[in-house]
Amino acid sequence: MTSSPSTFRQRVLAREPLIGTFLKTPTGHATEIVADAGFDFVVIDQEHAAFDRGTTDIAMMAARAAGVPALVRVPGPDAILSVLDSGGAGVLVPHVSSADYARKAAALCRYRGGKRGFATSTPAGRYTAVPMWRHIAESDASIVMVAQIEDPEALDEIDAIAAVEGVDSLFIGRGDLTAAFGDETPDPPAVRRAVERITTAARAAGKSISVYAANGKEAAWLKELGASTFVVSSDQGFLRAGALAGLADVKARITTPA
């Protein structure tokens, strides 16, 4: 069985190598399949996929049953409370472009010294089975807050963002940075410089670095820059890759040249 959410945060903070994947399909089945494959964590994608509160709860239940920590990429700060109440191991907050925004998002993840609304009548509180102060202590110790850096203006405040207390990791959003810089070449220099700038700031602040890696070669490059938490593809990406490979294999063997 994989790590519990609290152990997961400890591993993130310790910058152990961790590999996860995005979940794009609003069902518990994909969570079970990915967990069984041996991934260290999953990221339920509320920002770019069709997850709502109900389907997120279902995916969370599957993750808890499989013993795999589930982060949620929220569409914005307003969704943080519901995600944590559902038992999420933490949040991936997109478009963190200022230290002030980072502080506000981080505060929503913590009870003590923060702004998280209290309840134990939730999956996170085991439907009131967990005593109040135990729930507060355990939640504050276990929740992972990842700030996604994907806007050029964030680079102007990257040192301050990285230094914000409560931000555990910086996730480099290379896709949005690439779109924002508008350079259509395969390896845009501005994006590469941005990646190096973000990783330098994270290392200086003692924060972990989270990244999306399209393949092993990219992962190796990003590891050299200090990345330790890697997100690889998604349930839909794996489905498409498997479908294409299976189709091509059979088609090649049964198709007779004219």
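Above this text sits the structure in question.
Quick caveat, the model's predicted, so the values are computed rather than measured. The numbers attached to residues start from 1 for each chain and follow its sequence in the written order. With pLDDT at 70 or above as the cut-off, local features in this predicted model cover only qualifying residues; side-chain atom pairs require 80 or more to be listed or tallied, and sums for whole chains, interfaces and linings still use all residues. Hydrogens are left out, water is left out, and the side-chain values use all remaining heavy atoms of the structure.

*Asks:* For this particular structure, what's the right way to read the overall build of the chain?
*Replies:* A helix here means a DSSP run of H or I that spans at least four residues, while a strand means a run of E at least two residues long, and both kinds are numbered starting from the N terminus. What the chain contains, in helices and strands, is 11 helices and eight strands. Just to be clear, the radius of gyration here is over C-alpha atoms, and the globule rule we use is 2.2 Å times residues to the power 0.38. Against the globule reference of 18 Å for 258 residues, the chain gives a C-alpha radius of gyration of 19 Å, in line with a compact fold. When its C-alpha atoms are laid out on the principal axes, the chain stretches across 75 × 40 × 30 Å. Counting across all 258 residues of the chain, residues that qualify as buried make up 49%. Contacts are residue-level and defined by heavy atoms, with any inter-residue pair within 4.5 Å sufficient. Intrachain contacts of the chain at a sequence separation of at least 6 include 62% that bridge at least 24 residues. Surface accessibility follows the Shrake-Rupley procedure with a 1.4 Å probe radius. Residue values consider only the protein chains on display as shielding. When the accessible surface of the chain is summed, it comes to about 12300 Å², and 57% of that surface belongs to carbon and sulfur atoms. Counting 26 positive and 30 negative side-chain charges, the chain places the centres of these two groups 4 Å from one another. Buried residues are those whose accessible area, probed at 1.4 Å on protein chains only, stays under 20% of the maximum for their type, while exposed residues exceed 50% and partly exposed ones sit between those limits. Within this scheme the basic residues Lys and Arg register as positive and the acidic residues Asp and Glu register as negative, but His and the chain ends are omitted. By convention, charge coordinates are those of NZ in Lys, CZ in Arg, CG in Asp, or CD in Glu.

*Asks:* When you look at the sheet that holds strand 6 (residues 169-172) in this model, what are you seeing that I'm missing?
*Replies:* To summarise the sheet geometry, strands pair through backbone hydrogen bonds and adopt either a parallel or an antiparallel arrangement. What the eight strands build is a closed barrel, ordered 1-2-3-4-5-6-7-8; its pairing is parallel. Direction aside, neighbouring strands of the sheet carry axes that sit 25° apart on average. With four bridges connecting them, strand 6 and strand 7 (residues 208-212) associate as parallel partners. Note on strand 7: the bridge partner recorded for Ser169 is Ser208. Against the sheet, helix 9 (residues 189-205) touches strand 5 (144-149), strand 6 and strand 7, its axis set at about 175° to strand 6. Strands qualify as paired when DSSP identifies two bridges or more between them. Helix axes are fitted to C-alpha atoms over the stretch in contact, other axes to C-alpha atoms as well, and angles between N-to-C directions run from 0 to 180 degrees.

*Asks:* What am I meant to see in the nonpolar core here?
*Replies:* Soluble globular proteins tend to pack their nonpolar side chains together in the buried interior. Only buried Ala, Val, Leu, Ile, Met, Phe, Trp, Tyr and Cys residues count toward a nonpolar core, and they belong to the same one when joined by side-chain atoms within 4.5 Å. Counting 55 residues, the largest nonpolar core has Val91, Ile149 and Leu170 as its most contacted members. Broken down by element, this core gets its largest block of residues, six residues, from helix 9. Excluding residues within four positions of it along the chain, Ile149 makes contact with Val96, Ala154, Ile158, Ile161, Leu170, Phe171, Ile172, Gly173, Leu177 and Ile198. One finds Phe8, Val12, Phe22 and Phe41 within the second-largest nonpolar core, a separate group that totals 13 residues.

*Asks:* Is there a simple way to think about unusual backbone geometry in this case?
*Replies:* A negative phi angle characterises most non-glycine residues, just as the trans form characterises most peptide bonds. Residue Tyr127 is not a glycine yet carries a positive backbone phi of 55°. Along the chain, Tyr127 turns up in the loop between helix 5 (99-107) and helix 6 (132-142). In this structure Tyr127 comes out as exposed when scored by relative accessible area, which is 54%. Of note in this structure, Ser233 is not a glycine but carries a positive phi near 55°. Here Ser233 shows up in strand 8 (residues 229-234). With relative accessibility at 17%, the residue Ser233 sits in the buried group.

*Asks:* Mind showing me how you'd approach the packing of helix 8 (residues 174-181) against helix 9 here?
*Replies:* For any two helices packed against each other, the geometry comes down to the angle between their axes and how far apart the axes lie. Here helix 8 crosses helix 9 at 135°, and the two axes come no closer than 9 Å. Classed by the angle they form, the pair helix 8 and helix 9 counts as oblique. Classified by chirality, the crossing of helix 9 by helix 8 is right-handed. Contact residues: helix 8 offers Arg174, Leu177, Thr178 and Phe181, while helix 9 offers Ala190, Val191, Ala194, Val195 and Ile198. Of the residues in the contact of helix 8 with helix 9, the class split is seven nonpolar, one polar and one charged. Note on terminology: angles under 35 degrees are roughly parallel, angles over 145 are roughly antiparallel, angles of 65 to 115 are roughly perpendicular, and the others are oblique. Handedness of a helix crossing follows the sense of rotation of the near helix relative to the far helix, less than a right angle counterclockwise being left-handed and clockwise being right-handed. Under the scheme applied, nonpolar residues are Ala, Val, Leu, Ile, Met, Phe, Trp, Tyr, Cys and Pro; charged residues are Asp, Glu, Lys and Arg; polar residues are all the others, including Gly.

*Asks:* Just to check I follow, could you spell out the pattern of salt bridges for this structure?
*Replies:* Once the charged atoms of two side chains with opposite charge are near each other, the side chains can pair. One speaks of a salt bridge when a side-chain nitrogen belonging to Lys or Arg is within 4 Å of a carboxyl oxygen belonging to Asp or Glu. Per the counting criterion, the structure on display carries 14 salt bridges. Put simply, Arg11 and Glu16 hold a salt bridge, and the shortest N to O gap is 3.0 Å. Note on Glu16: relative accessible area 33%, which makes it partly exposed. Asp40 is paired through a salt bridge with Arg11; the nearest N and O atoms lie 3.9 Å apart. Taken together, the residues Asp40 in the loop between helix 2 (28-37) and strand 2 (41-45) and Arg11 in helix 1 (residues 5-13) connect sequence positions 29 residues apart. Judged by relative accessible area, which is 16%, Asp40 ranks as buried. Salt bridges linked by common partners bring Lys24, Asp45, Glu47 and Arg73 together as one network.

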